[in-house]
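Working through the structure, step by step
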Amino acid sequence: MMIAPVIFCTVVHGIGSMRDLKKVGRVGVKTLFYFEAVSTLALVIGLVVGKLLQPGKGFDIDPATLDANAVASYVNRAKEEGFVAHLLEIIPDTFIGAFARGDLLQVLLVSILTGFAIARLGELGEKINNAIDAMAKVFFGVIGIIVRAAPVGAFGAMAFTVGAFGVASLINLVELIATFYLTSILFVLVVLGTIARFAGFSIIRFLGYIKDELLIVLGTSSSETVLPHMIQKMERLGASKSVVGLVIPTGYSFNLDGTNIYMTLSTLFLAQATNTPLTIGQELGILAIAMITSKGASGVTGAGFVTLAATLAIVPDIPIQSLAILLGIDKFMSECRALTNLVGNGVATIVISRWEGELDVERLNKVMAHPVALGEEFEDQPV
């Protein structure tokens, strides 16, 4: 309900606050370069781990025995969202249509155009930008009310997951789940940890700083639920408001590290489980396709599964009905995808702020040493 207006206000205010439009372009180029580099690395890591550990080996599943109807809705949606259609879908039918559909890429496009328009209006633009900033405070105030019920919602979501699927039903697929979680943890600690170290902060301290948001994401399987939290916390951490307003919302479509690991790892798992041989060329082809299809797989729970279906729809070698194997455990995989995506976007915000010379390092160290509790980041907002 609140994600689209929050993204609109933060992106518009971030761009509109920059009087130098060349700076917007510079920050945008740096952001996309960073996103593409780290996202590609995540895809490669998923591919390498799948090749080395081979979690699908020994399943010997005949695709003909799988229920294709179980994944029909995902497959149909993936086919409808072909590459060309995917690009055209970025443009909404109407200005309001982007918000009605809740499509993050459409909201981003509308927000960027609006922000540039406001930045060129001079004194009038400043007044409009102040009004948008005031609107953002109202939306954050609503989020402040909603978030107080988040622990109850997280409890219910986790209880439902365990009750619906049970522990016994996961035994046959626990190796894939464990492999994915281990790979994601190593990616966060080693890859993002190294990036964080070069940027001058500890990934462990950062994880402690956003621990409340991580718990909410764990319960909801969606990183979108804490987007307003992350915006507030990154600003408190010393990142400039303009950079935060560009990087965090954009990252929800272009910097999905967890989803990228999941896509290549799961694709190889399905190939191994159905005894589908893949050449090096085919694996590199999967990597290239995943680099395209992963863009726009927003933080909504289940989006990663649809993106995987879109990838398999383009790769004819792997039986697309094999997706049914993953259907029962996608909820558990989704949690790890969302957690890794969240951490990746947080680290990216600090790195790019420092890259731009707009990071308050003293404040960064001080705030990380004394993290705020859940809800405190909204205490100065009208609720």
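Residues numbered from 1 in each chain as written. Predicted model: local features only at pLDDT ≥ 70, side-chain atom pairs only at ≥ 80, totals over all residues. Heavy atoms only, no water.

1. Description of the overall build of the protein chain
For clarity, the cut-off: Counting from the N terminus, the helices are the DSSP runs of H or I reaching at least four residues and the strands are the DSSP runs of E reaching at least two. Exposure classes here rest on a 1.4 Å probe applied to the protein chains alone. A residue is buried below 20% of its type maximum, exposed above 50%, and partly exposed in between. Throughout, a residue-residue contact means that at least one pair of heavy atoms, one from each residue, lies within 4.5 Å. Here the accessible surface of atoms and residues is derived via Shrake-Rupley with a 1.4 Å probe, and residues count as covered only by protein chains that are part of the display.
Summing up its helical and strand segments, the protein chain has 19 helices and zero strands in all. Buried positions account for 54% of the 383 residues belonging to the protein chain. Taking contacts inside the protein chain between residues at least 6 apart in sequence as the whole, the part at least 24 apart equals 84%. Per element, the accessible surface of the protein chain, about 16,500 Å² overall, is 66% carbon and sulfur.

2. Comments concerning helix α1 (residues 3-16)
Counted only if it meets this: The span you would expect from a helix comes to 1.5 Å times its residue count less one.
With 14 residues, α1 should cover 20 Å at 1.5 Å per step; its first-to-last C-alpha distance of 20 Å lies within 8% of that length. With 14 of 14 residues buried, α1 is to be regarded as a mostly interior element.

3. Some words on the side chain of threonine 264
If you trace the backbone, threonine 264 turns up in helix α14 (residues 257-273). Judged by relative accessible area, which is 0%, threonine 264 ranks as buried. Among all residues touching threonine 264, those that are not within four sequence positions of it are Ala42, Leu43, Gly46, Leu47 and Leu287.

4. Things to note about the nonpolar core
Operational definition: Definition used in this section: a nonpolar core is a set of buried Ala, Val, Leu, Ile, Met, Phe, Trp, Tyr and Cys residues joined via side-chain atoms within 4.5 Å.
Residues Phe206 and Met234 are the most contacted members of the largest nonpolar core, which totals 95 residues. Ranked by residues supplied to this core, first place goes to helix α18 (residues 330-355) with 11 residues. If we ignore the near neighbours within four places in the chain, the residues touching phenylalanine 206 are Phe201, Met234, Leu237, Val343, Gly346, Val347, Ile350 and Met368.

5. A word on the pattern of salt bridges
Short version of the rule: Any Lys or Arg side-chain nitrogen located within 4 Å of an Asp or Glu carboxyl oxygen qualifies as a salt bridge.
According to the stated counting rule, one finds five salt bridges in the structure shown. Of the charged contacts in the structure, one is a salt bridge between arginine 26 and glutamate 356, with a shortest N-O distance of 3.0 Å. Within this pair, whereas arginine 26 is found in helix α2 (residues 21-53), its partner glutamate 356 is found in the loop between α18 and α19 (361-369), the two being separated by 330 residues in sequence. Arginine 26 sits in the partly exposed class, given a relative accessible area of 38%. With its nearest N and O atoms 2.7 Å apart, the salt bridge here joins lysine 30 to glutamate 356.

6. Notes on a nonpolar patch on the surface
Our working definition: A patch consists of residues whose relative accessible area exceeds 30% and which take part in no salt bridge; residues with like charges are grouped when within 9 Å of each other, and nonpolar side chains (Val, Leu, Ile, Met, Phe, Trp, Tyr) when within 5 Å.
Taken together, Leu182, Ile185, Leu186, Leu189, Val190 and Ile204 make up a surface patch of nonpolar side chains, about 540 Å² in accessible area. Mapping leucine 186 onto the fold places it in helix α9 (residues 174-199).

7. Considering the packing of α1 against helix α7 (residues 123-146)
For the record, the criterion: Comment: axis = line fitted to C-alpha atoms, over the contacting stretch for helices; angle = value between 0 and 180 degrees taken between N-to-C directions. Left-handed is the label given to a crossing in which the near helix is rotated counterclockwise from the far helix by less than a right angle, and right-handed is the label when the rotation is clockwise.
Where α1 meets α7, the closest approach of the two axes is 9 Å, and the angle between their N-to-C directions is 150°. Crossing of α1 against α7: the hand is left-handed. Residues Pro5, Val6, Cys9, Thr10, Val12, His13 and Gly16 of α1 lie in contact with α7, whose contacting residues are Asn129, Ile132, Asp133, Met135, Ala136, Phe139 and Phe140.

8. Let's talk about the packing of aromatic side chains
Which entries qualify depends on this criterion: Only centres within 6.5 Å qualify two rings of Phe, Tyr or Trp (six-membered ring in Trp) as a pair; their planes then separate them into stacked at under 30 degrees, edge-to-face at over 60, and tilted for everything else. Look at NZ for Lys and CZ for Arg. If either is within 6 Å of the ring centre and within 35 degrees of the ring normal, a charge sits over the ring.
Scanning the model with the defined rule gives eight aromatic pairs in all. Ring centres of phenylalanine 33 and tryptophan 355 lie 6.4 Å apart, and the angle between their planes is 65°; this geometry places the pair in the edge-to-face category. With phenylalanine 33 in helix α2 and tryptophan 355 in helix α18, the pair connects residues that are 322 residues apart, well separated along the chain. Following the ring pairs from residue to residue traces out a cluster consisting of Phe8, Phe95 and Phe99. Its guanidinium or amino end placed over the ring of tyrosine 209, lysine 233 lies 5.0 Å from that ring's centre, counting from NZ or CZ. Note that arginine 337 overlies the ring of tyrosine 262, its terminal NZ or CZ placed 4.2 Å from the centroid.

9. Brief notes about the confidence of the model for the protein chain
This is how the line gets drawn: Per-residue confidence from the predictor is reported as pLDDT, which spans 0 to 100.
Summary statistics for the protein chain give a mean pLDDT of 79 and a share of 78% for residues scoring 70 or more. The secondary-structure element of the protein chain with the lowest mean pLDDT is helix α3 (residues 72-80), recorded at 56, while helix α10 (residues 203-209) shows the highest, at 93. Below a pLDDT of 50 lies the segment residues 378-383, which in the model reaches 15 contacts outside its immediate sequence neighbourhood of four places, other chains included.

10. Comments concerning the packing of helix α12 (residues 227-236) against helix α13 (residues 241-254)
Relative placement of two packed helices is described by the angle separating their axes and the distance separating the axes. Running from N to C, α12 and α13 point in directions that differ by 145°, and their axes come no closer than 10 Å. Where α12 crosses over α13, the handedness of that crossing is right-handed. Contacts between α12 and α13 involve Leu227, Met230, Ile231, Met234 and Glu235 on the former and, on the latter, Lys241, Val244, Ile248 and Tyr252.

11. Considerations on the environment of isoleucine 248
On the secondary structure map, isoleucine 248 appears in helix α13. For the pair isoleucine 248 and valine 11, spaced 237 residues apart in the sequence, the C-alpha separation amounts to 9.1 Å. Once residues lying within four places of it in the same chain are set aside, the contact partners of isoleucine 248 are Leu227, Met230, Ile231, Met234, Asn345 and Thr349.

12. Regarding α13
Here α13 contains 14 residues, and its C-alpha end-to-end distance of 20 Å stays within 8% of the 20 Å for a straight helix at 1.5 Å per residue. Summarising burial for α13: 12 of the 14 residues are buried, a large majority. When we look at burial in α13, the residues that qualify are Ser242, Val243, Val244, Gly245, Leu246, Val247, Ile248, Pro249, Thr250, Gly251, Tyr252 and Ser253.

13. Let's talk about the environment of isoleucine 112
With respect to the helices and strands, the residue isoleucine 112 is situated in helix α6 (residues 104-119). With 96 residues separating them in the primary sequence, isoleucine 112 and glycine 16 have C-alpha atoms 9.3 Å apart. Excluding residues that lie within four positions of it along the chain, isoleucine 112 makes contacts with Val11 and Ile15.

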